[in-house]
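So you can see what is in the structure, the chains are spelled out below.
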Amino acid sequence: MSAVLTVQDIHTFIGQFHILEGVTVEVPDHSITALLGRNGAGKTTTLRSIMGLNPPARGQIQYRGQALNGRKPYDIAQLGLGYVPDYRAIFRQLTVEENLKIAERRPGDLDRKRQFIFEIFPDLEKLYQWPGGQLSGGQQQMLAIARALVPDNSLLLIDEPSEGLAPVIIEGMMAAIRRLTAQAAVLLVEQNFRVASQLADRYVIIEDGRSVHSGTMPDLLASPALIQKYLSAA
Amino acid sequence: MRPTLRVNVFRQSLIVSGLFVLGLLVVNLAVFKPSTVAVVMLSGLYQGMLFFLIAAGMSIVFGLLDVLNLAQGAFFMLGAYAGFAIYGALPAGTPIEARFLAALLGAAVTGGLAGALMEVGLLRPLYARPVYQIVMTLGLSTALNEMVRAIYGPAGLVPIEEPPALATTFTVLGGQFETYRVFIIVVGAALMLGISLLLQRTRLGIIIRAGVQDSEMVQALGINVRRIFTLVFALGTAVAALGGMTAAPFLGAYPGMGTDFLLVAIIVIVIGGMSSYEGTAVASLLVGLTRATAEQISLQYFNTPILASVSILLFMVAVLLVRPTGLFGRE
């Protein structure tokens, strides 16, 4: 499997704070990679650095052989990256339809993807004309992911998809994300280790702004010492 | 299942506004004779439309870019001067209607281009610095006023002639009213509707409404927000400039002519609820009608128009006491 995304030793500052001090991540195609680590370790900043929202000061980011460094966020998105932030960023005044429509990169994107989206998230069909601000947390999360599916993205960056959701909704969300690997690679930030371990094929552990460990999920599950050391509080 | 909450708040604000207009009408009928009532109402509408033409762009820009463009009044003036220049530059044989139309379009184009230039050249470096924005927009306003004074002199230009068809008066309920002012009402109403359709029905409108909430996310979806900012800013200044030229046949063109309108426009935006377009549209009419009523009362009983300006300030204070976020504002 070839890597869709290669993040090589990036350093990112926010204001004067050195948030990422050397993060390396590789995301193979059609698979799910989870960024693990404690709160404040730099997982969200890693995703934002890839999207160009907090551009790294040093290091390389390559997407399908193209360097993302120095590109604007809209330019990076247009290459085929979909971003689902942890706060979901649903446009409250826009209807569900408009929230999806705005993600079109070419006219007709939504028409082509609508059935697929309804199939994965059936709730969105009956909520189609509702303002985004009136959806529940779980529905907003579905919409946020669905929005990333409207254009032909081949890499999805999903931040904390299970946060604040009821267990039964999390199950559905996991099934949906698993289906996405048919068309795209997924880089996931997930605080809930049970969810991450069931969902991801590979993992990268980030600690204090550095990627300290990576490998396949079965390997991680087989080494309790590693889990204890880096993820115990999570 | 139907979405209800937000719609209800919106409807509530509309009903309150409707009741307010009704109240004004009752006051009018109680105080004036019917012919005066008709003229006051029409006059309120036409004033409101002029306020709207300045305030519309300001409120959308404020919502999207978080910038209060205090130079918007200067674009109103710029539109009038640009219109005059075009009107005068056309060859002698040109029919007055063609001159007038060219002046209107030219004013809008000039305002739009100047606005785009301002956004790219002056505003862009200051997006992270709100205080600098105030100083810059206010300074630009003064600079434009002084520039016009230097080129055309302090006296201003004599109003241009409007097309003969609009230069008439007509009688409504026994009161005399100028046809040209109805033309302003029509232009204002058309733009009110046009901008509303743009916001609700087009892709640009969806992007604007989304950008008001979270422009970073809009960007992360692959949209060049910077370009949208420039476009929206330019559209706003184009509408203001068109407003200035629309007013030119009775206001003329003079340095600082936009400043009075700017102050009222800010009041309108505050009453409407800062970044709400609907709020701005409704509030401009309410302010226009309030001002016209107060002006007439003031003239009739105290022989001075002094109450006109006072009334809209009191109106703003009253609205803010009851709803601190303005009529259509959100928490």
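The structure we're discussing is the one just above.
As the structure is a computational prediction, the values presented were derived from the model and not from experiment.

Q: Help me understand the overall build of chain B, please; the structure alone is not making it clear to me.
A: For chain B, the count of helices and strands is 11 helices and two strands. Sequence-ordered secondary structure for chain B, helices as α and strands as β, is α-α-α-α-α-β-β-α-α-α-α-α-α. Whereas a compact globule of 331 residues would reach a radius of gyration of roughly 20 Å, chain B reaches 20 Å, a difference of no more than 12%. Looking at the 331 residues of chain B, the share that counts as buried comes to 48%. Across chain B, every contact between residues at least 6 apart in sequence was considered, and the portion connecting residues at least 24 apart equals 76%.

Q: It is not clear to me how the overall build of chain A should be interpreted in this structure. Could you clarify?
A: Assigned secondary structure in chain A consists of 10 helices and 10 strands. In terms of overall size, chain A behaves like a compact globule, its C-alpha atoms giving a radius of gyration of 17 Å where 234 residues would be expected to give roughly 17 Å. Overall, chain A is about 45 × 40 × 35 Å in size when its C-alpha atoms are taken along their principal axes. Looking at chain A residue by residue over its 234 residues, the buried ones come to 46%. Long-range pairs, those at least 24 residues apart, make up 67% of the contacts in chain A between residues at least 6 apart in sequence.

Q: How should I be thinking about the packing of helix H9 (residues 257-272) of chain B against helix H10 (residues 277-302) of chain B in this particular structure?
A: To characterise two packed helices, one gives the angle between the axes of the helices and the distance between these axes. Residue and element names in this part refer to chain B. Contact pair H9 / H10: the axes reach a minimum separation of 8 Å and the direction vectors enclose 120 degrees. In this view, H9 runs oblique relative to H10, as classed from their interaxial angle. Crossing handedness for the pair H9 and H10: right-handed. Of the residues in H10, those in contact with Val-264, Ile-267, Val-268, Ile-269, Ile-271 and Gly-272 of H9 are Gly-279, Thr-280, Val-282, Ala-283, Ser-284, Leu-286 and Val-287. Residue composition of the contact of H9 with H10, grouped by class: nine nonpolar, four polar and no charged.

Q: What should I look at first to understand the interface of chain B and chain A in this one?
A: Bring the parts together and some accessible area is lost; that lost area is often taken as the interface size. Counting residues at the interface gives 19 residues for chain B and 23 residues for chain A. Elements supplying a minimum of two residues to the side of chain B that touches chain A: helix H1 (5-31) and helix H7 (203-220) of chain B. Per-element tally for the side of chain B that touches chain A: the top contributor is H7 of chain B, with 10 residues. Of the residues in the side of chain B that touches chain A, the class split is 11 nonpolar, four polar and four charged.

Q: I would appreciate a short explanation of the environment of Leu-149 of chain A in the present structure.
A: Residue and element names in this part refer to chain A. Tracing the chain through its elements places Leu-149 in helix H6 (residues 137-149). In this structure Leu-149 comes out as buried when scored by C-beta crowding, with 23 C-beta atoms within 10 Å. The contacts of Leu-149, once residues within four sequence positions are left out, are Lys-113 and Ile-117.

Q: Would you take a moment to explain the pairing of strand E7 (residues 155-159) of chain A for this structure?
A: Regular strands place side chains that alternate from one sheet face to the opposite one. All names here are of chain A. For E7, the tally of buried residues reaches five of five residues, placing the bulk of the element in the interior. Here E7 shows a buried face lined by Leu-155, Leu-157 and Asp-159 and a second buried face lined by Leu-156 and Ile-158. When strand E6 (residues 81-84) meets E7, the two strands line up parallel, connected through four bridges. Residue pairing in the sheet places Tyr-83 in a bridge with Leu-157 of E7. Two strands pair when backbone bridges link them, and E7 and strand E8 (residues 185-189) are joined in this way by five bridges, in the parallel orientation.

Q: Whenever I open this one, the sheet that holds strand E5 (residues 66-67) of chain A confuses me. Can you help?
A: The strands that make up a sheet are held in pairs by hydrogen bonds between backbone atoms, and each pair lies either parallel or antiparallel. All names here are of chain A. Strand order in the open sheet made by the four strands is E2-E1-E4-E5, with antiparallel pairing throughout. Looking at which strands have only one partner, the edges of the open sheet turn out to be strand E2 (17-28) and E5. Relative to E5, strand E4 (residues 58-63) is paired through two bridges, and the arrangement is antiparallel. Bridging from a neighbouring strand, Gln-62 pairs with Ala-67 of E5. Across the sheet, helix H1 (residues 43-51) lies against strand E1 (3-14), E2 and E4, angled at about 75 degrees from E2, the strand it touches most.

Calculation notes
- Residues numbered from 1 in each chain as written.
- Chains lettered and ligands numbered in written order.
- Predicted model: local features only at pLDDT ≥ 70, side-chain atom pairs only at ≥ 80, totals over all residues.
- Helix = DSSP H or I, 4+ residues; strand = E, 2+ residues; numbered from the N terminus.
- Rg over C-alpha atoms; globule rule 2.2 N^0.38 Å.
- Buried ≥ 20, exposed ≤ 12 C-beta atoms within 10 Å, placed from the backbone.
- Contact = placed C-beta atoms within 7 Å.
- Axes fitted to C-alpha atoms, helices over the stretch in contact; angles between N-to-C directions.
- Parallel < 35°, antiparallel > 145°, perpendicular 65-115°, else oblique.
- Left-handed = near helix turned anticlockwise from the far one by under 90°.
- Nonpolar A, V, L, I, M, F, W, Y, C, P; charged D, E, K, R; others polar.
- Pairing = 2+ DSSP bridges.

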